[in-house]
Every structure is written in C-alpha cells, then in structure tokens.
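Residue-level structural notes
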Amino acid sequence: MAGRICCDFGGIASLDEFLTGEHGEAIEYDLLAHGFRLRDLGTESLTWRDLAVLVRRWERVPATAFSESVHGTSWSIGEQLLAMVVDALHMGNWQRMGKKSAPKPKRIPRPWEKSKSQSLGKDPIPVSAFKDWWESKARKRRRPKK
C-alpha cells in the first residue's frame, strides 16, 4: 500500500474497521506487547483515543506487527547487505567451479521484489472480444489433424 492509511480516523467506527479487518490481529499483538488487552478497550485503562494514538504511531514504526501488516516485511540495512554478500559469494563460487552445465545460483528473494516465476498471460480480454476468442480456440480444437 502506498502512503499512510491511518492518518485521518473517522472515529470509533474507523478504528473498529481496523480491529475487525485484516489488521486486527496485528493491532491486538501490539497491544499485548505494550501491556494492554483488547478487552480493556473503552475503559479508563485503554480509551478509544489511546488506541487511535497508538495505531497512528505503530504504522510508522517498522518493528511493530501493525506496520508489517500494512506495509509488509522490511529489511534493515544490515540484512540487505548480508543478502548481497551471500549472493556475491554464491556467484563467485559458481564462477570458480568452471562447469558450464552447473545452474547459475539464484539470488536470495527480497520481500519487496515481485516474483517472476508465474505468468498468467498478457492483458485481460475485453468482454466484447471474449466470445470471438473462445470460438477461435474451439475451431482449432475441432480441426482434424493430418
């Protein structure tokens, strides 16, 4: 997701959407990590305002479960450098083997890179062109093979 998602809450209803939606478990985990329980919400120990402030802050802190739920996993600079070193070592060892038939080593997958392993076609077919496309495929299947 691009940008911040929690910048302007519409009140309790918006917070409730987060709690019951896909990020609810992450918010509950962060509450537990900070000594709160979700059942305390709406009481003196954890007001709705307190929760709104916490959630706004947690979105910007990469070490929180809520931030990871919203933005995905992130690597520190050290983790990124370590992955680069390991990739370079694998490549160097592969080159020194001198075997042309040996498969080239694959990079350590980075969480922010899209996987190139699966491709399901080019662009979607417009509904108006689908019937013609379907019929052309059916004609090819019906042709007798020589």
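Scroll up for the structure.
Parameters at a glance
Residues numbered from 1 in each chain as written. Predicted model: local features only at pLDDT ≥ 70, side-chain atom pairs only at ≥ 80, totals over all residues. Heavy atoms only, no water. Helix = DSSP H or I, 4+ residues; strand = E, 2+ residues; numbered from the N terminus. Buried < 20%, exposed > 50% of the residue type's maximum accessible area, 1.4 Å probe, protein only. Contact = heavy atoms within 4.5 Å. Areas by Shrake-Rupley, 256 points an atom, 1.4 Å probe, with all protein chains shown as cover. Patch = residues over 30% accessible without salt bridge, like charges linked within 9 Å, V, L, I, M, F, W, Y side chains within 5 Å. Salt bridge = Lys/Arg side-chain N within 4 Å of Asp/Glu carboxyl O. Axes fitted to C-alpha atoms, helices over the stretch in contact; angles between N-to-C directions. Parallel < 35°, antiparallel > 145°, perpendicular 65-115°, else oblique. Nonpolar A, V, L, I, M, F, W, Y, C, P; charged D, E, K, R; others polar. Core = buried A, V, L, I, M, F, W, Y, C linked by side-chain atoms within 4.5 Å. Phe/Tyr/Trp six-rings, centres within 6.5 Å; stacked < 30°, edge-to-face > 60°. Polar contact = N/O pair within 3.5 Å; in protein donor to acceptor, adjacent residues only side chain to side chain. Arc of directions from axis to C-beta.

The subject of this paragraph is the overall build of the protein. Within the protein, the secondary structure is distributed over 6 helices and 0 strands. Seen in sequence order, the protein has helices and strands lined up from the N terminus as α-α-α-α-α-α. The burial tally for the protein puts 20% of its 146 residues in the buried class. If you take every contact in the protein between residues at least 6 apart in sequence, the share linking residues at least 24 apart comes to 51%. Split by element, the accessible area of the protein, about 11,900 Å² in all, is 56% carbon and sulfur.

Let's shift gears to a nonpolar patch on the surface. Taken together, Ile125, Phe130, Trp133 and Trp134 make up a surface patch of nonpolar side chains, about 390 Å² in accessible area. What makes Phe130 partly exposed here is its relative accessible area of 39%.

So, about the packing of helix 2 (residues 24-33) against helix 3 (residues 48-60). Two elements in contact, helix 2 and helix 3, have axes whose closest approach is 11 Å; the angle formed by their N-to-C orientations is 105°. It follows that helix 2 is roughly perpendicular to helix 3 by the angle criterion. Contacts between helix 2 and helix 3 involve Ile27, Asp30 and Leu31 on the former and, on the latter, Leu51, Leu54, Val55 and Trp58. Considered class by class, the residues forming the contact of helix 2 with helix 3 number 6 nonpolar, no polar and 1 charged.

This part takes up the nonpolar core. Within soluble globular proteins, side chains that are nonpolar generally end up buried alongside one another. In terms of nonpolar packing, the biggest core is built from 14 residues, with Ile27, Leu31, Leu51, Val55, Trp58 and Phe66 touching the most fellow members. Looking at this core, the elements with two or more residues in it are helix 1 (12-20), helix 2, helix 3 and helix 4 (65-71).

Attention now moves to the packing of aromatic side chains. The tally for this structure, following the rule as stated, stands at 1 aromatic pair. Judged by centre distance (5.9 Å) and plane angle (25°), the rings of Phe130 and Trp134 are stacked. Highlighted residues: Phe130 and Trp134, both in helix 6 (residues 127-142), separated by 4 residues, approximately one helical turn.

In this section: the side chain of Arg110. When you line up the elements, Arg110 lands in the loop between helix 5 (77-97) and helix 6. Classification of Arg110 as buried rests on a relative accessible area of 8%. Polar contacts involving the side chain of Arg110 include one to the side chain of Asp87, which spans 2.7 Å. There is a polar contact of 2.5 Å between the side chain of Arg110 and the backbone oxygen of Ile108.

A few words now on helix 1. Restricting attention to buried positions, one finds in helix 1 the residues Leu15, Phe18 and Leu19. Along helix 1, the residues classed as buried sweep out an arc of 100° about the axis, all on the same side. In helix 1, the exposed positions that point more than 90 degrees away from the buried face belong to Ala13, Glu17 and Thr20. Buried residues along helix 1 sit against helix 2, helix 3 and helix 4.

Any functional reading would require information that these geometric values do not contain.
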